[in-house]
Amino acid sequence: MKSNAIDACKPTNNDVGCPPHSGNVCTIQNTVSPAVIGSTESTLGRHLARRLVQIGVTDVFAVPGDFNLTLLDHLIAEPGLKLVGCCNELNAGYAADGYARSRGVGACVVTFTVGGLSVLNAIAGAYSENLPLICIVGGPNSNDYGTSRILHHTIGLPDFSQELRCFQTVTCYQAIVNNLEDAHELIDTAVSTALKESKPVYISISCNLPAIPHPTFSREPVPFFLAPKLSNSMGLEAAVEAAAEFLNRAVKPVMVAGPKLRVAKAGDAFLELADACGYAVAVMPSAKGLMKENHPRFIGTYWGAVSTAFCAEIVESADAYLFAGPIFNDYSSVGYSLLLKKEKAIIVQPDRVVISNGPAFGCILMKDFLRALAKKLKRNTTAYENYHRIFVPDGHPPQCDPKEPLRVNVLFKHIQGMLSGDNAVIAETGDSWFNCQKLKLPEGCGYEFQMQYGSIGWSVGATLGYAQAAKDKRVIACIGDGSFQVTAQDVSTMLRCEQNSIIFLINNGGYTIEVEIHDGPYNVIKNWNYTGLVDAIHNGEGKCWTTKVQCEQELVEAIKTATEVKKDCLCFIEIVVHKDDTSKELLEWGSRVSAANSRPPNPQ
């Protein structure tokens, strides 16, 4: 279950930045047994490879280029590391993003500038979602630095800093490794910074350095010691007292989980507080999967006007609400239309607490605050009792007539029936956001989507990466046709990796989410023979099964085949639906976002 997974450190041999329960520091253990490493292993390339394995990365997503080829040789030589070749750099970055969501950290390797600028969009998305991701670039020969030479793969100027300057805005640390003297320190600082900050980092390694032995790599390197962040004890006590007083005098308080629960590693602490206080518990849309949906007082997704039925009414009518790790942007606020008031809110961020309109308490870790608050709150189930009193179960979509064209709500009724704790759902940007949001996740079922950055095509690479990291899950990806056209190539990498994900390709002839915000001829796309495309990519190599579905009976048969006879295959199921068949939530959301986008300029 992801609420536990975001607190637990995935690899069994290290803590990936999480302090051990018994100690004051986090040791990322060394898996290299000999005290002295032979010369073939005492190289920069092997040191980097070992560091990746030590932090829990066992798969690196890569696209070869002449500046990184020698580095790739040394990564391949590391027994604990598998190199996964992708079709393009963008997908390699998306795959590292998906991998990090499951494993806790991910990595990709590309070549200088022409590869780096291609992967940049995926790194920006990982930055927006607070994912630790190691982006490694094979850089120019060390002898070329400080010269006026012009290199290929650049824009034709004797300036090697263009790529670095681009990455400075979307990474929390940048290391240019163009000599061996400080390579050890730069690499270790970059890797540890990614883990501490839970953000991507950039490492450029000159192409002539990976194979050269150096004394700093000749012995087993000192293991990482990541000192844990600590709360200010006096501030924590004051914040808990103020919050408890605020909440204990409320009549019908509620709790809402936000997406930064993941980066704060506070999922278990949030659950402890929910169990102790008795409040009704909701999640923001981008936090779906971070809270157990079978919790006895779970009331659904709070997303303003497009919330789960009866959830918004309970949250917005509460006289006090605690938001743990929220992100309020124009999408999550449905065009800034949430009916929330600051004076009723406690906002808990990973290292800061704000109560009502003040006071604010800094240097306080979310998990410490939530656990301490759980011991101070009076039990109050009023809000949940109100929800239970007014709640009416969801209706079911009308039965389809034989051969009636398939409706999207019928599709998701059947996807709901497929889900178990052995699955993970990947929801692509678009109407799948809204349809997947309504799925009720069984305990243990993973769930991921990219709401803050909202890059269409993200889910193809993310499905590849997540499935590679979580071998115990069968991924179910819901992808629109417009998004699929952006990144379709790396279905081939899924086949090479022998993955058995199920991809539902929802073909409605265009960019439906854009249609509902603002329509125009640019939202219509060329229709593809999607199953024919995947069959061509398959080319008889690996296990793959495709089918096209146009009515409910065909869908039932396809799901049965995918989950039984073809359970070991990558299954690609094209769903043909009407271009105007969308969730009601998208219609409402699109109208409100459109209104927010089209606000006239303020008078000057």
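Residues numbered from 1 in each chain as written. Predicted model: local features only at pLDDT ≥ 70, side-chain atom pairs only at ≥ 80, totals over all residues. Heavy atoms only, no water.

In the annotation of an unreviewed UniProt entry, the entry for the protein reads pyruvate decarboxylase, and the organism field reads Macleaya cordata. The UniProt entry for the protein carries this comment under Catalytic activity (unreviewed entry): "a 2-oxocarboxylate + H(+) = an aldehyde + CO2". (UniProt positions renumbered as here; feature names shortened; annotations may be inferred.)

Draft legend 1. Up close: the UniProt feature "domain: Thiamine pyrophosphate enzyme central" (unreviewed entry) in the protein. Taking the UniProt record as the reference, the feature "domain: Thiamine pyrophosphate enzyme central" (unreviewed entry) is found at residues 240-357. Taken end to end, residues 240-357 comprises 26% helix and 21% strand; its first and last C-alpha atoms sit 16 Å apart. (Helix = DSSP H or I, 4+ residues; strand = E, 2+ residues; numbered from the N terminus.)

Draft legend 2. Fine view of the sheet that holds strand β14 (residues 352-355). If you trace the seven strands from one edge of the open sheet to the other, you get β11-β10-β9-β12-β13-β14-β15, paired in mixed fashion. Unpaired on one side and paired on the other, β11 (298-301) and β15 (360-362) mark the two borders of the sheet. Along the sheet, successive strands turn relative to each other by an average axial angle of 15 degrees, direction set aside. By the bridge criterion, four bridges tie strand β9 (residues 254-257) to strand β12 (residues 321-324) in an arrangement that is parallel. Note on β12: the bridge partner recorded for Met255 is Leu322. Here helix α10 (residues 267-277) sits on the sheet in contact with β9, β10 (280-283) and β12, set at roughly 165 degrees to β9. (Pairing = 2+ DSSP bridges. Axes fitted to C-alpha atoms, helices over the stretch in contact; angles between N-to-C directions. Contact = heavy atoms within 4.5 Å.)

Draft legend 3. Representation of the nonpolar core in the model. Phe61, Phe412, Phe484, Phe504, Ile573, Ile575 and Trp589 are the most contacted members of the largest nonpolar core, which totals 102 residues. Look past the residues within four positions of Phe61 in its chain and what remains in contact with it is Val84, Cys86, Ala92, Ala95, Ala96, Tyr99, Ala107, Cys108, Val109, Leu464, Gly465 and Gln468. The next biggest cluster of nonpolar side chains, apart from the first, holds 41 residues, and it includes Ala239, Ala243, Phe270 and Leu271. (Core = buried A, V, L, I, M, F, W, Y, C linked by side-chain atoms within 4.5 Å. Buried < 20%, exposed > 50% of the residue type's maximum accessible area, 1.4 Å probe, protein only.)

Draft legend 4. How the structure looks around the pairing of strand β3 (residues 82-85). As judged from the four bridges shared by strand β2 (residues 59-62) and β3, these two strands associate in the parallel manner. Within the sheet, the bridge partner assigned to Asp59 lies in β3 and is Lys82. Once the chain exits β2 it traverses helix α3 (residues 69-76) before rejoining the sheet at β3, and the crossover so formed is right-handed. (Right-handed = clockwise from strand over helix to strand, strands pointing away.)

Draft legend 5. Geometry of the sheet that holds strand β7 (residues 201-206). Reading across from one edge, β3-β2-β4-β5-β7-β6 is the order of the six strands in this open sheet, with parallel pairing throughout. Strands at the two margins of the open sheet, each flanked by one partner only, are β3 and β6 (174-177). On average, adjacent strands in this sheet sit at an angle of 20 degrees to one another, irrespective of strand direction. Taken together, the two bridges between β2 and strand β4 (residues 106-111) define a ladder with parallel strand orientation. Bridge assignment links Phe61 to a residue of β4, and that residue is Cys108. Running over the sheet, helix α5 (residues 116-128) touches β4 and β5 (133-139) and is turned about 160 degrees from β4.

Draft legend 6. Structural view of the packing of helix α2 (residues 44-54) against helix α7 (residues 183-197). One can describe the packing of α2 onto α7 by two numbers: an axis separation of 11 Å at closest approach and a directional angle of 20 degrees. It follows from the interaxial angle that α2 and α7 lie roughly parallel. Where α2 crosses over α7, the two elements pack in a sense that is right-handed. Mapping the contact onto sequence places Leu44, His47, Leu48 and Arg51 in α2 and Ala183, His184, Ile187 and Asp188 in α7. The residue inventory of the contact of α2 with α7, partitioned by class, reads four nonpolar, two polar and two charged. (Parallel < 35°, antiparallel > 145°, perpendicular 65-115°, else oblique. Left-handed = near helix turned anticlockwise from the far one by under 90°. Nonpolar A, V, L, I, M, F, W, Y, C, P; charged D, E, K, R; others polar.)

Draft legend 7. Expanded view of helix α20 (residues 530-538). Those residues of α20 that sit buried are Tyr530, Thr531, Val534 and His538. In a view along the axis of α20, the buried residues occupy a sector of 100 degrees, so they form one face of it. If you follow the buried residues of α20, they end up packed against α17 (481-487), α18 (491-496), β19 (502-507), β20 (544-549) and β21 (570-576). Once α20 ends, the next one or two residues include Asn539, with phi positive near 55 degrees. (Arc of directions from axis to C-beta.)

Draft legend 8. Quick peek at the packing of helix α4 (residues 89-103) against helix α16 (residues 458-469). Viewed as axis vectors pointing N to C, α4 and α16 meet at an angle of 45 degrees, and their least axial separation amounts to 6 Å. With respect to α16, the axis of α4 lies oblique. Note on packing geometry: the crossing formed by α4 with α16 is right-handed. Between α4, through Asn91, Tyr94, Ala95, Asp97, Gly98, Tyr99, Arg101, Ser102 and Arg103, and α16, the contact on the second element is made entirely by Trp458, Gly461, Ala462, Leu464, Gly465, Tyr466, Gln468 and Ala469. For the contact of α4 with α16, the class distribution of residues is eight nonpolar, six polar and three charged.

Draft legend 9. Spatial organisation of empty space enclosed by the protein. In the structure shown here, the tally under the stated rule is one cavity of 30 Å³ or more. When its volume is computed, the largest cavity comes out at roughly 210 Å³. What lines the largest cavity is a set of 20 residues, among which Glu129, Pro259, Lys260, Ser286 and Ile327 lie closest to the centre. Looking at the lining of the largest cavity, the elements with two or more residues in it are α9 (261-264) and β17 (446-448). (1 Å grid on protein atoms, 1.4 Å probe; cavity = no way out; pocket = protein on both sides within 12 Å on 5 of 7 lines; lining within 4 Å. Points joined across faces, edges and corners; volume = space filled by probe spheres on them.)

Draft legend 10. Broad picture of the pairing of β9. With burial as the criterion, each face of β9 is covered, one bearing Val254 and Val256 and the other bearing Met255 and Ala257. Sheet analysis places β9 next to β10, joined by four bridges and oriented parallel. Bridging from a neighbouring strand, Ala257 pairs with Val283 of β10.

Draft legend 11. Just the side chain of Thr487, in detail. Mapped onto the fold, Thr487 is located in helix α17. Leaving out residues up to four positions away in the same chain, Thr487 has contacts with Leu90, Asn91, Tyr94, Gly457 and Val460.

Draft legend 12. Broad picture of the domain arrangement of the protein. According to the domain assignment, the protein consists of domain 1 (44-206), domain 2 (233-390) and domain 3 (408-590). With centres defined by C-alpha atoms, the gap from domain 1 to domain 3 works out at 29 Å. Across the contact, 23 residues belong to domain 1 and 25 residues belong to domain 3. A per-residue breakdown of the area domain 1 buries against domain 3 is headed by Asn91, Tyr94 and Arg101, which together make up 29% of the total. On the surface where domain 1 and domain 3 come into contact, there are one salt bridge. Measuring nitrogen to oxygen at the nearest pair gives 2.8 Å for the salt bridge that ties Arg101 to Glu448. One can count 13 residue pairs in polar contact (both at pLDDT 80 or more) joining domain 1 with domain 3. Secondary-structure elements contributing two or more residues to the side of domain 1 that touches domain 3 are β2, β3, α4 and α5. (Domains from an automatic or database assignment. Buried area = accessible area lost by both parts, 1.4 Å probe. Salt bridge = Lys/Arg side-chain N within 4 Å of Asp/Glu carboxyl O. Polar contact = N/O pair within 3.5 Å; in protein donor to acceptor, adjacent residues only side chain to side chain.)

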